Every structure is written in structure tokens, then in C-alpha cells.
Amino acid sequence: MLVAGFPAGSFQTNCYVVAAAAGEACVVVDPGQDAVEPLEELLAEHRLTPVAVLLTHGHFDHTYSVAPVCDGHDIPAWIHPEDREMLADPMKGISAESAAFFGGRMELREPREVRELTDGSALDIAGLTLRVDHTPGHTRGSVVFTTPTEEGIEVILAGDTLFAGSIGRTDLPGGDHAQMMTSLRDKLLTRDDSAVVLPGHGPTTTVGRERASNPFLQGLDLPTTGRGL
């Protein structure tokens, strides 16, 4: 499997391409601000043909270039329905202070074709099988995508749910700290320590490394117990 990426724009949002091999079809994950040109260079370098864009959530630093990328290659974008409205109205996902910085408005639009993600579904795209897990907390529609390598190691495209040494913020519209903790416990800490985490910002990590050292995860890795009356 081929995975390559780069940090895009002023927010340094990681944009990834994932393919079965060089010279094959690929998916693009989270094309953010100023991602179009470096993405085209990456596609050319590895001789890749994009067939879909996958969005981990609706914040504009992850979706800014989705319309030009999708429409330029005539491919669909996939996003969870809870975050779809932010594609055309990114102000719904940011704080009042941030909105004021942008003059209270930012004009973006949906790509021509948008498809909606379902929790627990499997996307068979570009010769890959990617499982979709709904992980609300950072936004209502946050998801992570997981695909195995030939060696059986999981690769998790985690968006802004889990970072190296940190987790996504929950103080923006649609954020929920309790939901975030549940998502981390039930959807990420259930994975093998060897699982590779490709976050939306910052360096790559593993589930084992975060389980052992991420201060936000301490005490979460516990079995769920039933509650009595």
C-alpha cells in the first residue's frame, strides 16, 4: 500500500493520498487550504489517479479545496451527513471570534457530487477497503477511516479526533467533550497497539504510543461495565 501526504495551507492540515500501489487509482483525504497544487504534484510523482475524496469532518481547513479537486477530476466527495452543511457554509463550524476574523463570511461550495458516509460501512474504492467509524466529539460528523496493510497492520486516517500527544478540540460549534472521550475509548483504544494513526495535523503515531503516553487518554482504556439500578 502507498500512503503519502503533505501539510497544506496556513493551518498545516495533513492531506493524504492512499493507493494500493504507485501507478494505481487512489483516494484523497482532507484536501485543505492551498492543497490543489501540491496534491497535483504528488499525484504526478506517484502516477496516481484519484477516484474519490474522503473527508474526516467538515471544518474548512480540511475541506477548503474539495470542490476544485473533485470537480477537476470528476470524482465524488464523501462526508458524514452531520457535517455536510459545512461544505457550503464553513462559518457553522467555527467560533464567533474566528468568524469575525474572516469578516463573518466565507464563500465555499459543495462539489458537484457528494455522497454521505454511514457508521460501520465499508468503502471499496481504488482497490482498497476502508472502514468508516463515526467518532463525534470534535464535530458531530467526525469519522475515521481504517484500512489494513498487506501485513495486517491497520492504518487509521484519524482527522482531528486523535493526534500525537493530544486530541481534537471540543469547544467549537458541534463539539462535545463527553462524546469525544466515548469515541476515543470505543472506536480507537479498542485497536491493536501496532495500528498506525495518520492525524489531521502533526506527525504520525501509533495507538500503542498514544495509549501509553497521551495525557488525554489516561484512564480511558478500561472495559465498559454494566450499570445497576
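Heads up: these notes are all about the structure in this document. Please read these numbers as outputs of a predicted model, since none were measured by experiment.

Turning our attention to the environment of Ile75. Residue placement: Ile75 occurs in the loop between α3 (66-73) and β5 (77-79). By relative accessible area, which is 6% here, Ile75 ends up buried. Remark: the alpha-carbon pair of Ile75 and Val51, spanning 24 residues in sequence, is separated by 5.6 Å. Those residues within four positions of Ile75 in sequence are excluded, and the remaining contacts are Pro50, Val51, Ala52, Val53, Val69, Cys70 and Glu113.

Right, let's get into the side chain of Gln33. Tracing the backbone shows Gln33 in the loop between β3 (25-29) and α1 (36-46). Side-chain polar atoms of Gln33 contact the side chain of Ser10, separated by 2.8 Å. When neighbours within four sequence positions are excluded, Gln33 is seen to be in contact with Ala8, Gly9, Ser10, Phe11, Asp61, Tyr64 and Ser65.

For the rest of this paragraph, the subject is the sheet that holds strand β1 (residues 2-8). Ordered by their spatial adjacency, six strands build an open sheet running β1-β2-β3-β4-β5-β6, and the pairing between neighbours is mixed. Looking along the sheet, the strands with just one partner apiece sit at the ends: β1 and β6 (114-116). The sheet shows a mean angle of 25° between the axes of neighbouring strands, taken without regard to direction. Two elements, β3 and strand β4 (residues 49-54), share five bridges in a ladder whose sense is parallel. Paired with Val28 across the two strands is Val53, which belongs to β4. Across the face of the sheet, α1 comes into contact with β1, β2 (13-19), β3 and β4 while running at roughly 160° to β1.

With that settled, the discussion passes to α3. Among all positions in α3, only Val66, Ala67, Val69, Cys70 and Asp71 are buried. The secondary structure elements touched by the buried residues of α3 are α1, β4, α2 (60-63) and β5. Remark: Asp74 follows α3 within two positions and exhibits a positive phi of approximately 55°.

A separate point is the nonpolar core. Side chains that are nonpolar tend, in soluble globular proteins, to be buried together. If you look at the biggest cluster of nonpolar residues, it comprises 24 residues, and the most contacted ones within it are Phe6, Val17, Leu39, Leu48, Val53 and Val66. Those elements that provide at least two residues to this core are β1, β2, β3, α1, α3 and β5. The contacts of Leu39, once residues within four sequence positions are left out, are Phe6, Cys15, Val17, Val28 and Val69. Counting residues in hydrophobic clusters, the runner-up holds 19 residues, among them Ala52, Trp78, Leu117 and Leu130.

Each value, and the rule that gives it
- Sequence order as written defines the numbering, with residues in each chain counted from 1.
- For this predicted model, a pLDDT threshold of at least 70 governs which residues receive local features, and a threshold of 80 or more governs which side-chain atom pairs are given and counted, while totals over whole chains, interfaces and linings are taken from all residues.
- Where side-chain values are given, they derive from all heavy atoms of the structure, hydrogens and water being excluded.
- Runs of E in the DSSP output that reach at least two residues are strands. Runs of H or I that reach at least four are helices, and both are numbered from the N terminus.
- Relative accessibility thresholds used throughout: buried, under 20% of the residue-type maximum; exposed, over 50%; partly exposed, between the two (1.4 Å probe, protein chains only).
- The contact criterion used is simple: two residues touch if any of their non-hydrogen atoms lie within 4.5 Å.
- In the analysis that follows, any N or O atom pair within 3.5 Å is treated as a polar contact, provided that within protein one partner can donate a hydrogen and the other can accept it, and provided that, for residues neighboring in sequence, both atoms belong to side chains.
- When DSSP finds two or more bridges between a pair of strands, those strands are recorded as paired.
- Whenever a helix is involved, its axis is fitted only over the stretch in contact; in every case the axis is a line through C-alpha atoms, and angles between N-to-C directions fall within 0 to 180 degrees.
- By convention a nonpolar core is built from buried Ala, Val, Leu, Ile, Met, Phe, Trp, Tyr and Cys residues, the set being connected through side-chain atoms within 4.5 Å.

From the geometry alone we can't say anything about function, so treat these as descriptive.
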